Amino acid sequence: MKFPSEPFKIKVVEPIRRTTREERDRLLREAGYNLFKVPAESVYVDLLTDSGTSAMSDNQWAGLMLGDESYAGSRNFYHFEETVKSIFGYRYVIPTHQGRMAENLLFSTVVKPGMCVPNNIHFDTTRANVEHQGAEALDVVVKEAYDPHCDMPFKGNMDLVRLEDAINRVGRNRIPLVMITITNNSGGGQPVSMANIRATSELCRRYGIPLFFDACRFAENCFFIKEREPGYQTKSIADIARELFSYGDGCTMSAKKDGLVNIGGFLSLNNAEWVQGITNRLILVEGFPTYGGLAGRDLEAMARGLKEVLDEEYLEFRIGQVRYLGELLEQGGVPILKPVGGHAVYLNAKEFLPHIPQSQFPAQALCVALYREFGIRGVEIGTVMFGKKDPSTGRTIHPELEMVRLAIPRRVYTNMQITYVAESIIELFRTREAIHGLAMTYEAPVLRHFTARFEELPA
Ligand code: P71
C-alpha cells in the first residue's frame, strides 16, 4: 500500500502558522482544555471535521464569479436543480443553507409527536431534529457496528430484522419515513451496501413507508460499493449513485461534505404534497425556493462540486489518503477503529490510554495531548460528547466507544502533512504513560462538548 498521488496541483496557498509547545500549553489552559475553544489559526493540521472544510477547485471558484444574485429564478438555481436531478433522480429540489435545515424542514412537515424514525445511526443533528418533533429517533444498524475490532466491508448496514420488528412494534402509521445515512458517520464513516439498501427499500415498500437517505457522503459510499460489492466494479460512480437513489423516495444532504463546498445543502424528494408543506415553511424560515438561504454563487459552486465529487480519480485519492493514514497508524501499533471509513480515522482511546479510567475522559485527554505536543486537532467522540447522567443516581453512564475522530478535509492536506499526523500519533503512543486524565469543571445542560471546561489531574 502506498499513498495515492494527488490528482491536482496547488494554485493558491493558505499559509499555516507553526506554534510552540509553550504557546499551545497556554492556549489549552485558556480554553479549559476544550479544543472547540482553541483558535483555528493556532492549529497546524486541523482534523476537527471534514464538514465545510473542503478546498474548492478552480472550476468552482470560477463559478462563483458567475453568480446571478437575482432574488427569484437565478440561473444558478436552474443549473443546481438540473445537476441534483441528474444525480439523485428525484422530482423536486429544495436548496437550504446546510444539512440540518433540510432535516428540520422535512421532519417538521412529516413527523408528529409519538412517531418513530428508524435510521442506521442518526447523526446528532438528525436525532435532535426528530426528537424536537416529539418523536423517537431509533438506531437499527447491524450490531457489528458497535465492535471496534470487527472488520467487515459494509458495517453501516441496516439490521433488517430489527427494522421489521420496530415497524411491527410501533405500527407503520407511526413511522412517517425510514432513513439510511450514507456513509454512516456516527459508526465510523462506514458504508452501506447496495444489497442492503435494496432489501431495506423492499421492506419499506411492503409496508408503504417512504425511504430517505441522509446523503452527506454519498459519493464515498458509492466508491466503496464499486470497490467491495460484486457486480459493481465496471460501473461508474454516477451509475451506482443513480441505482442507489432509485431505491428511495428522497434525501437530505449537507453539501459541506460530498458537495465539496464550504456552505450549502438541499432536500430532494418525489412527494408533491410534502413539497407543498416544506416550501411554505422554507419561505418562513430560510428563503425563497430558488435560493433557500444561499447566494446564487453558492448554488453554482455546489452544482459544480456535486459533479466533481463523482470523479473516480478524486475518490481514489480521497479514500486512499484516509485509508493510508489508518495503515500507517496500524503499522505503528496504534489502536484504531476497523475498518477505516471514508472520511476519518478513529483512535480507540480506551486501548491507547488503558491507564486512564473512562471517568477521567481518556479521549479528551488524548485530544489535548495531540494538540499540545504536535499542534494537531481531532475531536472527542466519547464520554464528553455522549456520556449521560442517570436521572435517579446522578452518576455518569459511559458510552461503549471512547474515540478520537481524525476527520480529513477534502483536497486540503498533502500526503506529507498526513504523514506528519501519523508519525506524531505513533510518537505519542510510545510516550502514552505521560498522559494524564481530566476532570470536568463546567458543563452546559445540552450539547456539553462544545462548551465544557476541564482541569488536568495530577500524575
Ligand atoms: C461532522 C458534521 C458537522 C458537525 C455537526 C454538528 C456538530 C459537530 C460537527 C454533519 C452532518 C452529518 C450527517 C451524517 C447531517 C449533518 C448535518 N456532520 N448528517 O461530521 O455528518 O449537516 O452540519 O450541514 O447541518 O463533523 P450540517
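Residues numbered from 1 in each chain as written. Predicted model: local features only at pLDDT ≥ 70, side-chain atom pairs only at ≥ 80, totals over all residues. Heavy atoms only, no water.

Thoughts on the domain arrangement of the chain
For the chain, the domain assignment lists domain 1 (21–50 + 311–456) and domain 2 (58–308). Taken residue by residue, the interface counts 27 residues in domain 1 and 32 residues in domain 2. With both sides pooled, the region where domain 1 packs onto domain 2 buries about 2300 Å², and carbon together with sulfur makes up 51% of that total. Across the domain 1-domain 2 interface, the total number found is eight salt bridges. The salt bridge involving Arg410 is made with Asp258; its shortest N-O contact spans 3.2 Å. Where domain 1 meets domain 2, there are 17 residue pairs in polar contact (both at pLDDT 80 or more). Sorting the residues of the side of domain 1 that touches domain 2 by element identifies helix H12 (312–331), strand S9 (344–348), helix H15 (383–386) and strand S14 (403–407) as the ones contributing at least two each. Residue contributions to the side of domain 1 that touches domain 2 peak at seven residues, all from H12. Here the residues of the side of domain 1 that touches domain 2 sort into twelve nonpolar, four polar and eleven charged. (Domains from an automatic or database assignment. Contact = heavy atoms within 4.5 Å. Buried area = accessible area lost by both parts, 1.4 Å probe. Salt bridge = Lys/Arg side-chain N within 4 Å of Asp/Glu carboxyl O. Polar contact = N/O pair within 3.5 Å; in protein donor to acceptor, adjacent residues only side chain to side chain. Helix = DSSP H or I, 4+ residues; strand = E, 2+ residues; numbered from the N terminus. Nonpolar A, V, L, I, M, F, W, Y, C, P; charged D, E, K, R; others polar.)

A short note on the sheet that holds S9
In spatial order, the strands read S9-S14-S11; together these three strands make up an open sheet with antiparallel pairing. On the outer flanks of this sheet lie S9 and strand S11 (379–381), each paired with one strand and no other. Looking at each pair of strands side by side, their axes are set apart by 30° on average, direction ignored. Bridging between S9 and S14 involves five bridges; their strand directions are antiparallel. (Pairing = 2+ DSSP bridges. Axes fitted to C-alpha atoms, helices over the stretch in contact; angles between N-to-C directions.)

Considering the pattern of salt bridges
Under the defined criterion, the tally for this structure stands at 29 salt bridges. A salt bridge links Glu30 to Arg26; the nearest nitrogen and oxygen atoms lie 3.1 Å apart. Of this pair, Glu30 and Arg26 are both found in helix H1 (residues 21–30), four residues apart, which corresponds to roughly one turn of the helix. Looking at Glu30, the relative accessible area reads 49%, which means it is partly exposed. You can call Arg26 partly exposed: its relative accessible area is 37%. We note a salt bridge from Arg430 to Glu427, for which the minimum N-O separation is 2.9 Å. Here the residue Arg430 and the residue Glu427 both occupy positions in helix H16 (residues 415–430), the gap between them amounting to three residues, near one helical turn. (Buried < 20%, exposed > 50% of the residue type's maximum accessible area, 1.4 Å probe, protein only.)

Some thoughts on the site of the ligand
By nearness alone, 18 residues border the ligand, and Thr49, Arg100, Asn185, Ser254 and Arg405 come closest of all. Contact distances for the ligand include 2.6 Å between an oxygen atom and a side-chain N or O atom of Thr49. With respect to the ligand, the backbone of Gly99 contributes an N or O atom lying 2.9 Å from an oxygen atom. Its free accessible area being 570 Å², the ligand has 91% of it covered by the protein chains. Its residues assigned to classes, the shell around the ligand comprises three nonpolar, eight polar and seven charged. Formed jointly, the shell around the ligand draws a minimum of three residues from each of two domains, domain 1 (21–50 + 311–456) and domain 2 (58–308). (Near = heavy atom within 4 Å. Areas by Shrake-Rupley, 256 points an atom, 1.4 Å probe, with all protein chains shown as cover.)

Considerations on helix H4 (residues 99–110)
Spanning twelve residues, H4 covers 17 Å between terminal C-alpha atoms, matching the ideal 16 Å at 1.5 Å per step. Residues of H4 that are buried include every one of Gly99, Met101, Ala102, Glu103, Asn104, Leu105, Leu106, Phe107 and Val110, and no others. (Expected span 1.5 Å × (residues − 1).)

Thoughts on helix H8 (residues 218–228)
Most of H8 is tucked away, with nine of its eleven residues classed as buried. Those residues of H8 lying buried are Phe218, Ala219, Glu220, Asn221, Cys222, Phe223, Phe224, Ile225 and Lys226. Each element contacted by the buried residues of H8 is listed here: helix H3 (75–88), helix H7 (194–207), helix H9 (237–246), strand S7 (250–254), helix H11 (296–308) and H12.

Remarks on the nonpolar core
With 63 residues, the main nonpolar core has Phe80, Phe88, Phe213, Phe218, Leu244, Phe245 and Leu306 as its most contacted residues. Broken down by element, the residue count for this core peaks at six residues, all from H8. Both domains that meet at this core, namely domain 1 (21–50 + 311–456) and domain 2 (58–308), each give it at least three residues. (Core = buried A, V, L, I, M, F, W, Y, C linked by side-chain atoms within 4.5 Å.)

Digging into the environment of Gly332
Within the secondary structure layout, Gly332 lies in the loop between H12 and S9. In this structure the C-alpha to C-alpha distance between Gly332 and Asn76, which are 256 residues apart in sequence, comes to 48 Å. Those residues in contact with Gly332, other than ones at most four positions away along the chain, are Ile426 and Phe429.

Some remarks on the packing of aromatic side chains
Given two aromatic rings, their pairing is described by the distance between the two centres and the angle made by the two planes. According to the stated counting rule, one finds 17 aromatic pairs in the structure shown. Ring centres of Phe352 and Phe429 lie 5.0 Å apart, and the angle between their planes is 75°; on these two criteria the pair is classed as edge-to-face. Of this pair, Phe352 sits in helix H13 (residues 349–352) while Phe429 sits in helix H16; the two residues are 77 residues apart in sequence, bridging distant segments of the chain. Side by side, Phe352 and Phe429 carry an identical accessibility label, which is buried. (Phe/Tyr/Trp six-rings, centres within 6.5 Å; stacked < 30°, edge-to-face > 60°.)

Digging into the sheet that holds strand S2 (residues 92–96)
Across the sheet, which stays open at both edges, the five strands sit in the order S2-S8-S7-S6-S5 with mixed pairing between neighbours. The open sheet has two edge strands, S2 and strand S5 (178–181), and neither has a second partner. With strand direction ignored, the average angle separating the axes of adjacent strands in the sheet is 15°. Sheet analysis places S7 next to strand S8 (residues 265–269), joined by five bridges and oriented antiparallel. Residue pairing for S8: Met253 is matched across the bridge by Phe266. H7 contacts S5 and strand S6 (211–214) of the sheet and is inclined by roughly 145° relative to S6.

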